[in-house]
There are 2 protein chains.
Amino acid sequence: MRLYVGLVHYPVYNKNHEIVASAITPLDLHDIARSARTYDVRRFFVITPLDDQQRLAKKICDHWIKGYGARYNRHRKEAIELVSVVPSLEGAIKEIARLEGEPPMVIATDASKQGDRGISYKSAKTSILENRVVVLLFGTAWGLDRAVINGADYVLAPIFGKKDYNHLSVRTAAAITLDRLVGDFE
Amino acid sequence: MRLYVGLVHYPVYNKNHEIVASAITPLDLHDIARSARTYDVRRFFVITPLDDQQRLAKKICDHWIKGYGARYNRHRKEAIELVSVVPSLEGAIKEIARLEGEPPMVIATDASKQGDRGISYKSAKTSILENRVVVLLFGTAWGLDRAVINGADYVLAPIFGKKDYNHLSVRTAAAITLDRLVGDFE
């Protein structure tokens, strides 16, 4: 598998549908890193253009990789080691292309609209298991800017359970998506 | 579906394998309530014997159900309304029996050991879709006390992805478990 995850803090929507750079949520880094490690993701990109937010994210990572956290909980260390803090989505995609020798298939996730480039979980899973380079993008705050969705190769269907309610946290949505795409169970 | 979820704060293990009452993590309440709402869970029991922790949990819920939070985000209100704060696991099971007119099938989750009462996700799903009353138990901290596991009717298999690593947060483990048992996607 050559699977990557990107957590986008810019450009995303705020509650009033304005495009903003959202703040880092430390628990998102922890939870998504742990899920990424579980599902054998190669690298988890935390994407924010803001210097102070990049510093915050790196400080959290250093604590768990080199600081007290590394001694306190080595499982957390193994997860947090997957994190790369980068200033832009373009930078993340360039870095994946450099690491893999080819550009990734970009699959965006969206809680509401799929447009005309929808992809089923089954099809996306097939691509991942065929060893295609794939990056899954998750938006923080009120979701990915329309321009990111439009620039992606594919858009995954929103996660619905049994009700017409899809307001999961990005942490849990990322975990469910990874399980649907990579999980194996009876 | 007659599905219930219990988040157990006592009795659970701490890092040193001692039995303790863990502290409420507000984000667990939010995330698991949102997942519960998504997957049509009837009630989400937050189980803690500690008075101050019960008060904290109820304060969080009140904020989102009656306070400013209810006006700020009605989707959160719909999720948090599923929460019941109760002092013991026995109390939660009694309450489910009262609501449903029969005792629930108790299915525990555990990150490591399944013992001799293991149940597959497929079998558990069948029971849920056959409209059996089922409660899923999740442990906080370092997991459910052995006595709770031994007292359950069944134990679900641990969540493994592609690696020999299963150190998910309880928030994400609950979300993945609900998706495996109730989710429906292509």
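This structure is a prediction, so every number in the text was calculated from the model and none was measured.

### Some remarks on the relation of the copies chain B and chain A
Then step 1. Taken as rigid bodies, chain B and chain A are interconverted by a rotation of 180° and an axial shift of 0.0 Å, the fit giving an RMSD of 0.0 Å. Such a combination of rotation and displacement between the chain copies is what one expects of a two-fold axis.
Then step 2. The share of interface residues of chain B whose copies in chain A are also at the interface is 100%, consistent with both copies meeting through the same surface.

### Quick word on the pattern of salt bridges
Should the charged atoms of two oppositely charged side chains come close, the side chains can pair.
All names here are of chain A.
Then step 1. Scanning all chains against the criterion turns up 22 salt bridges over all chains.
Then step 2. Between R2 and E100 there is a salt bridge, with the nearest N and O atoms lying 3.2 Å from each other. Placement of R2 in strand β1 (residues 2-8) and of E100 in helix α5 (residues 89-100) is noted, with a sequence separation of 98 residues between them. Each member of the pair, R2 as well as E100, carries the same accessibility label: buried.
Then step 3. R37 is the partner of E78 in a salt bridge, and the nearest nitrogen-oxygen pair spans 2.7 Å. One end of the pair, E78, is in helix α4 (residues 74-80); the other, R37, is in helix α1 (residues 26-38), with 41 residues separating them in the sequence.
Then step 4. The class of R37 is buried, set by a relative accessible area of 17%.
Then step 5. One salt-bridge network, held together by shared partners, links R2, R42, E100 and E102.

### Describing helix α8 (residues 170-182) of chain B
Then step 1. Counted at 1.5 Å a residue, the expected span for α8 of chain B with its 13 residues is 18 Å, and the 18 Å between its end C-alpha atoms agrees.
Then step 2. Judged by how many residues are buried, α8 of chain B sits mostly within the fold: 13 of 13 residues are covered.

### What to know about the nonpolar core
Then step 1. Grouped together as the largest cluster of nonpolar side chains are 84 residues, with contacts concentrated most on F44 and L136 of chain A together with F44 and L136 of chain B.
Then step 2. When sequence neighbours within four positions are dropped, the list of residues in contact with L136 of chain B reads L3, Y4, V5, G6, I107, L156, T177, L178 and L181 of chain B.

### Notes on the environment of E186 of chain B
Then step 1. Along the polypeptide, E186 of chain B turns up in the segment after α8.
Then step 2. Residues in contact with E186 of chain B, not counting those within four places in the same chain, are S120, Y121 and K122 of chain A.

### Looking at the sheet that holds strand β4 (residues 43-47) of chain A
For sheets, the rule is that strands pair by backbone hydrogen bonds, running either parallel or antiparallel.
Residues and elements named next belong to chain A.
Then step 1. Pairing within the open sheet is parallel, and its seven strands lie in the order β5-β4-β1-β8-β6-β9-β7. Two strands lie at the open edges of the sheet, namely β5 (83-86) and β7 (118-119), each paired on one side alone.
Then step 2. Sheet analysis places β4 next to β5, joined by four bridges and oriented parallel. Residue pairing across strands places F45 opposite S84, the latter belonging to β5.
Then step 3. Sitting on the sheet, α5 touches β1, β4, β5, β6 (105-109) and β8 (133-139), and the angle it makes with β4 is about 160°.

### Describing the side chain of D145 of chain A
All names here are of chain A.
Then step 1. Following the sequence through the fold, D145 ends up in the loop between β8 and α7 (146-151).
Then step 2. As a buried residue without a salt bridge, D145 has its nearest oppositely charged side chain in R146, at a separation of 7.4 Å.
Then step 3. Engagement of the side chain of D145 in a polar contact is seen with the side chain of Y13, the distance being 3.3 Å.
Then step 4. If we ignore the near neighbours within four places in the chain, the residues touching D145 are P11, V12, Y13 and I19.

### Some words on the pairing of β8 of chain A
Residues and elements named next belong to chain A.
Then step 1. Within β8, seven of the seven residues are buried, which leaves the element mostly enclosed by the surrounding structure.
Then step 2. Alternating positions in β8 separate into two faces, V133, V135, L137 and G139 on one and V134, L136 and F138 on the other, with burial throughout.
Then step 3. Here seven bridges tie β1 to β8, and the two strands are oriented parallel to one another. Residue G6 lies in a different strand from β8, and its bridge partner there is L137.

Rules behind the numbers
Residues numbered from 1 in each chain as written. Chains lettered and ligands numbered in written order. Predicted model: local features only at pLDDT ≥ 70, side-chain atom pairs only at ≥ 80, totals over all residues. Heavy atoms only, no water. Least-squares fit on C-alpha atoms with pLDDT ≥ 70 in both. Contact = heavy atoms within 4.5 Å. Salt bridge = Lys/Arg side-chain N within 4 Å of Asp/Glu carboxyl O. Helix = DSSP H or I, 4+ residues; strand = E, 2+ residues; numbered from the N terminus. Buried < 20%, exposed > 50% of the residue type's maximum accessible area, 1.4 Å probe, protein only. Expected span 1.5 Å × (residues − 1). Core = buried A, V, L, I, M, F, W, Y, C linked by side-chain atoms within 4.5 Å. Pairing = 2+ DSSP bridges. Axes fitted to C-alpha atoms, helices over the stretch in contact; angles between N-to-C directions. Lys, Arg positive; Asp, Glu negative; His and termini not counted. Polar contact = N/O pair within 3.5 Å; in protein donor to acceptor, adjacent residues only side chain to side chain.

Geometric values such as these leave the question of function open.
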